[in-house]
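Each chain, written out:
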Amino acid sequence: EDQVTQSPEALRLQEGESSSLNCSYTVSGLRGLFWYRQDPGKGPEFLFTLYSAGEEKEKERLKATLTKKESFLHITAPKPEDSATYLCAVQAKGTNAGKSTFGDGTTLTVKP
Amino acid sequence: NAGVTQTPKFRILKIGQSMTLQCTQDMNHNYMYWYRQDPGMGLKLIYYSVGAGITDKGEVPNGYNVSRSTTEDFPLRLELAAPSQTSVYFCASRGLAGGREQFFGPGTRLTVL
C-alpha cells in the first residue's frame, strides 16, 4: 500500500526565515510525486511534479527536490503570502486512472 | 475556462436526509475524482471515473454513490446522511495529455446534524 508522511504538521516562520518541508513516501514504483498548495477554504492548487530521483523544480521562492524515499519543499526567504497548507501526493506506476495518495499536509504560517 | 466548479458551497443536512453534490469540468478531462477532507487531514478518495459511464470505488466509498453520464459532470450522491459524513468534499479532474496533476474545485462544506 502506498504511503505518504509529511512533516512537520505545522511550521511557523518569521518573514525571511528559510526552511524546508518534508514528504516521505513508500510506493511500489513511483510514476510521479506532486506538491500542491491549499489556502484556507479553497481547493488544492498544483505546484510541481517530480518524476525521478535527483530532479528539482523551482517557482519563485519554492524549490522542490526528490530522492528515492523523500521529497523536500524548500522555501527561501518566505513572505506572509506563502502561508498555506502544502500537500504532497504520489502516484504509483500501474495505478488505474491516475489515482494519487495524499499526505496530511504541512501548515505553514509566515509572520511579518 | 471555468475549470472545475462545485455546487453548493455549503450545506447543512439532518441525519437521514439525502443530497447530491454537483461537479462540472470544462477541460474535456477523462479522469474525475471525489475526495473528502476532514480537519487537519489529507484527501481521501471516495470514487473516481475514467470516462463517461465508468466509475469505481476509492478508499472510502461507503454511504456514497456516483454516476458519470457525460464527460463534464460527475455528481456525488449521499443517501441517508450520517454525522460521520460531515466534511469538506472536493471534486478534481485530470486529462490524458500533458502533466499528471489534478485540477480541483473549490469544495463543498457539508455538515450533518
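Preceding this paragraph is the structure being described.
Residues numbered from 1 in each chain as written. Chains lettered and ligands numbered in written order. Predicted model: local features only at pLDDT ≥ 70, side-chain atom pairs only at ≥ 80, totals over all residues. Heavy atoms only, no water.

A. Up close: the side chain of Q6 of chain A. Residue and element names in this part refer to chain A. Counting through the fold element by element, Q6 comes out in strand β1 (residues 3-7). Within the structure, the side chain of Q6 is placed 2.9 Å from the backbone oxygen of Y86, a separation counted as a polar contact. A polar contact is formed between the side chain of Q6 and the backbone nitrogen of G105, at a distance of 3.0 Å. (Helix = DSSP H or I, 4+ residues; strand = E, 2+ residues; numbered from the N terminus. Polar contact = N/O pair within 3.5 Å; in protein donor to acceptor, adjacent residues only side chain to side chain.)

B. Region of interest: the state of the cysteines. Residue and element names in this part refer to chain A. One pass over the full model with this rule turns up two disulfides over all chains. Here C23 is linked by a disulfide to C88, with a sulfur-sulfur distance of 2.0 Å. Because the sign of the S-S torsion sets the handedness, a value of about -65° for the bond joining C23 and C88 places this disulfide among the left-handed ones. Note that C23 is positioned in strand β3 (residues 19-26) and C88 in strand β9 (residues 84-92), a separation of 65 residues in sequence. (Disulfide = S-S within 2.5 Å.)

C. View of the nonpolar core. Residue and element names in this part refer to chain A. With 25 residues, the main nonpolar core has Y25, L33, W35, L73 and Y86 as its most contacted residues. Among the secondary structure elements, those contributing two or more residues to this core are β2 (10-14), β3, β4 (30-38), β5 (45-50), β7 (62-66), β8 (70-75), β9 and β11 (106-111). With five residues, the top contributor of residues to this core is β9. Ignoring anything within four residues of it in the chain, the contact list for Y86 reads Q6, L21, W35, Y36, R37, L47, L62, L73, G105, T106 and L108. (Core = buried A, V, L, I, M, F, W, Y, C linked by side-chain atoms within 4.5 Å. Buried < 20%, exposed > 50% of the residue type's maximum accessible area, 1.4 Å probe, protein only. Contact = heavy atoms within 4.5 Å.)

D. Spotlight on the sheet that holds β7 of chain A. Residues and elements named next belong to chain A. In spatial order, the strands read β1-β3-β8-β7-β6; together these five strands make up an open sheet with antiparallel pairing. Lying at the two open borders of the sheet, with one neighbouring strand each, are β1 and β6 (56-59). Ignoring which end each strand starts from, the neighbouring axes of this sheet average 15° apart. Across six bridges, the pairing between β3 and β8 is antiparallel. Note that in β8 the partner of S19 across the bridge is I75. (Pairing = 2+ DSSP bridges. Axes fitted to C-alpha atoms, helices over the stretch in contact; angles between N-to-C directions.)

E. Layout of the sheet that holds strand β8 (residues 76-78) of chain B. Residue and element names in this part refer to chain B. Taken in spatial order, the four strands line up as β1-β3-β8-β7 in an open sheet, and their pairing is antiparallel. In this open sheet, the two strands that pair with only one neighbour each are β1 (4-7) and β7 (64-66). Taken pair by pair, the neighbouring strands of this sheet meet at an average axis angle of 20°, ignoring direction. Pairing geometry for β7 and β8, over three bridges, is antiparallel. Counted as the bridge partner of V66 is L76 from β8.

F. Just the interface of chain A and chain B, in detail. Across the boundary between the two partners, chain A contributes 21 residues, which contact 20 residues of chain B. Counting the surface lost from both chain A and chain B, the interface buries some 1,700 Å², and carbon and sulfur atoms represent 54% of this. Ranking the residues of chain A by area buried against chain B places A97, F102 and D104 of chain A at the top, with a combined share of 29%. Linking chain A with chain B are zero salt bridges. Mapped by element, the contributors of at least two residues to the side of chain A that touches chain B are β4, β5 and β9 of chain A. Sorting elements by how many residues they give to the side of chain A that touches chain B places β4 of chain A first, with four residues. (Buried area = accessible area lost by both parts, 1.4 Å probe. Salt bridge = Lys/Arg side-chain N within 4 Å of Asp/Glu carboxyl O.)

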